[in-house]
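Inside the fold
Listed below, chain by chain, are the residues.
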Amino acid sequence: MTKTSSPDVLERLVSLCKRRGFIFQSSEIYGGTGSVWDYGPLGVELKRNIKDRWWHSMVRTRDDIEGLDAAILMHPRVWEASGHVSGFVDPLVECTNCKRRFRADDERIKGEPGSPDAQCPSCGMKGTLTAPRQFNLMFKTFMGPVEDTAAVVYLRPETAQGIYVNFLNVQQASRQRIPFGIAQIGKAFRNEITPGNFIFRTREFEQMEMQFFVEPGTDMKWFEYWKEQRLRWHESLGIAPERLRFHEHSKEELAHYARAAFDIEFDFGGSLGFQEIEGVHNRGDFDLTRHQEFSGKKLDYFDQPNNRRFVPYVVETSVGADRTTLAILVNGFREEAVPGEEEGRTVLAFHPAIAPIKAGVFPLVKKDGMPEMASRLASDLRAYFPVFYDESGAIGRRYRRQDEVGTPFCITIDGESVSDGTVTVRDRDTLKQERVASEQVRDYVLERIAA
Ligand code: GAP
């Protein structure tokens, strides 16, 4: 069920993202690459702020989680052990008339693919859809200079496996005791049959994953703990609580490795509605046991106080950095009237902590010492957070341009500033302006970013 009453803002958001330098289509001058996107100057800051916040909450502020940055290319046996070679497949059907491809379970297909009455959802022809065949979603490449004899390797479809194969390395090096976790952020690749909806489902994306290793029997307790922690984290980014919900996986939905799974869903609005942004999975001992089997190396844990060995269970939290970025963009996007003004404004109401630019600094006019004072203030502040200096055009237009990219504070230097050293600070959301001593502006903004 994805029903929603939130408005569909995706189309307008895509155009804003391009116009203001958040997100561009990959290789656009060549006609684009299917469902791959590039982050521009503001997008890279926004996504980095989201990743930093995740790393801060999962690694830096906890003594029971260690960080890792494993390689994208791994030994090919990893993906046999993980079940991805045999099981990471989608049923694919093709239309022999228009050559379009669909997942066999695409709701738009009428009739049974492969039968004469099945109808192609794209060209409308009947009887042209092939019977489903299993299509592996992993990208393959070759390691070594000669393709024929080189080993086939895969671009990882999830970052989790890099954590499992390093479980003992990290545990022993950091002298952690169970329960503890390993976290990493990195690229993952999936040759999705039906990617789309901007950066929602892409073929190259970033995951922020954490595997928490626990004693068997305590796994459901930790599973509940992580579900709640992760929901709170999304709320801490400023996502409206009513746009977030849990979805429990039924037996049929459970991935091959999962004993229990909940998605955290965000309401993207329009026809997309509520969709997964994060998965919390109880993976039991599936992964470590399989890697023991396939590598022939022990991956069990020695529980010293009780003098026994066991293979830990794993509770996983797995969130897409790109999908969270899209949720943040959709959540913050507003088009609204401005009291007393004819022209409305578009706002990206980001939490100050993740806004790409924290403050705009403007001289009211380009004379009487205002530009000098403003540019001095801008360069002082730049040592602490990203600042945008703008002295061109009407002040109202400069505010609008910052509202549109989510800048929470606009600092204006006027005639009074030059004589008494105070400046006005305008709040993006309330539109209220406060006079603040210029030497206190830095702390004023820093306090609100940290809130
Ligand atoms: N290790 C478990 C795992 O990968 P998943 O549910 O397949 O689980 C986790 O993926 C998260 O990764 C999703 O909730 C989503 O945010 C993100 N994700 C997965 N496939 C994606 C894609 N094709 N494009 C963008 N994000 C994706």
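All of the points below concern the structure found in this document. (Residues numbered from 1 in each chain as written. Predicted model: local features only at pLDDT ≥ 70, side-chain atom pairs only at ≥ 80, totals over all residues. Heavy atoms only, no water.)

Describing the pattern of salt bridges
Applied cut-off: Any Lys or Arg side-chain nitrogen found within 4 Å of a carboxyl oxygen on Asp or Glu counts as a salt bridge. Helix and strand assignments follow DSSP, with helices taken as H or I runs no shorter than four residues and strands as E runs no shorter than two, numbered in order from the N terminus. Think of it in three bands: with a 1.4 Å probe and only protein chains considered, a residue is buried below 20% of the maximum accessible area for its type, exposed above 50%, and partly exposed in between.
The full count for this structure, using the stated rule, is 37 salt bridges. The closest approach of N and O atoms between Glu404 and Arg20, which form a salt bridge, is 2.9 Å. Here Glu404, found in helix 11 (residues 395-404), pairs with Arg20, found in the loop between helix 1 (10-19) and strand 1 (23-25); they are 384 residues apart in sequence, far enough to count as distant. Residue classification places Glu404 among the buried residues on the basis of a relative accessible area of 12%. Between Glu206 and Lys51 there is a salt bridge, with the nearest N and O atoms lying 2.9 Å from each other. You can see Glu206 sitting in strand 10 (residues 204-214) and its partner Lys51 sitting in helix 2 (residues 41-60), a full 155 residues away along the chain. Here Glu206 falls in the buried class, since its relative accessible area comes to 10%. Assessed through its relative accessible area of 17%, Lys51 is described here as buried. Bridged by salt links that share partners, the residues Arg334, Glu336, Arg345, Arg400, Asp403, Arg426, Arg428 and Asp429 form one connected network.

Quick notes on the sheet that holds strand 13 (residues 274-284)
Quick note on the threshold: Strands are labelled as partners when DSSP assigns at least two bridges between them. Helix axes are fitted to C-alpha atoms over the stretch in contact, other axes to C-alpha atoms as well, and angles between N-to-C directions run from 0 to 180 degrees. Here, residues are in contact when the closest pair of their heavy atoms is within 4.5 Å.
The 7 strands are arranged 3-9-10-16-13-12-11 in an open sheet whose pairing can be described as mixed. The sheet is open, and its two edges are formed by strand 3 (65-67) and strand 11 (244-248), each paired on a single side. Each neighbouring strand pair of the sheet contributes to a mean axis angle of 25 degrees, computed without reference to strand direction. Sitting on the sheet, helix 6 (residues 167-174) touches strand 3, strand 9 (180-189) and strand 10, and the angle it makes with strand 9 is about 135 degrees.

What to know about the environment of Val387
Mapped onto the elements of the fold, Val387 is located in strand 20 (residues 387-389). The exposure class of Val387 is buried, given its relative accessible area of 12%. Linking Val387 and Pro352, residues 35 residues apart in sequence, is a C-alpha distance of 13 Å.

Details of unusual backbone geometry
A cis geometry characterises the amide bond from Ile178 onward to Pro179, with omega recorded as 5 degrees. If you trace the backbone, Pro179 turns up in the loop between helix 6 and strand 9. The backbone of Ser27 shows a phi angle near 50 degrees, a positive value even though the residue is not glycine. The topology assignment puts Ser27 in the loop between strand 1 and strand 2 (37-39). A relative accessible area of 36% places Ser27 in the partly exposed class. Its identity as a non-glycine residue notwithstanding, Asn307 has a phi of 50 degrees, on the positive side. By secondary structure assignment, the location of Asn307 is in the loop between strand 14 (301-303) and strand 15 (308-310). With a relative accessible area of 60%, Asn307 lands in the exposed category.

Section: the packing of helix 2 against helix 7 (residues 219-236)
So the rule is basically this: By the definition adopted for this analysis, an angle is roughly parallel if under 35 degrees, roughly antiparallel if over 145, roughly perpendicular if from 65 to 115, and oblique otherwise. We call a crossing left-handed when the near helix sits turned anticlockwise from the far one by less than a right angle, and right-handed when that turn is clockwise. Under the convention adopted here, Pro, Cys and the residues Ala, Val, Leu, Ile, Met, Phe, Trp and Tyr are nonpolar, Asp, Glu, Lys and Arg are charged, and Gly plus all remaining residues are polar.
Contact geometry of helix 2 with helix 7 gives a least axis separation of 11 Å together with a crossing angle of 140 degrees. Relative to helix 7, helix 2 is oriented oblique. Between helix 2 and helix 7 the crossing geometry is right-handed. Note on element contacts: helix 7 touches helix 2 through Trp226, Arg230, Trp233 and Ser236, opposite Ile50, Arg53, Trp54, Ser57 and Met58. Tallied by class, the residues present in the contact of helix 2 with helix 7 amount to 5 nonpolar, 2 polar and 2 charged.

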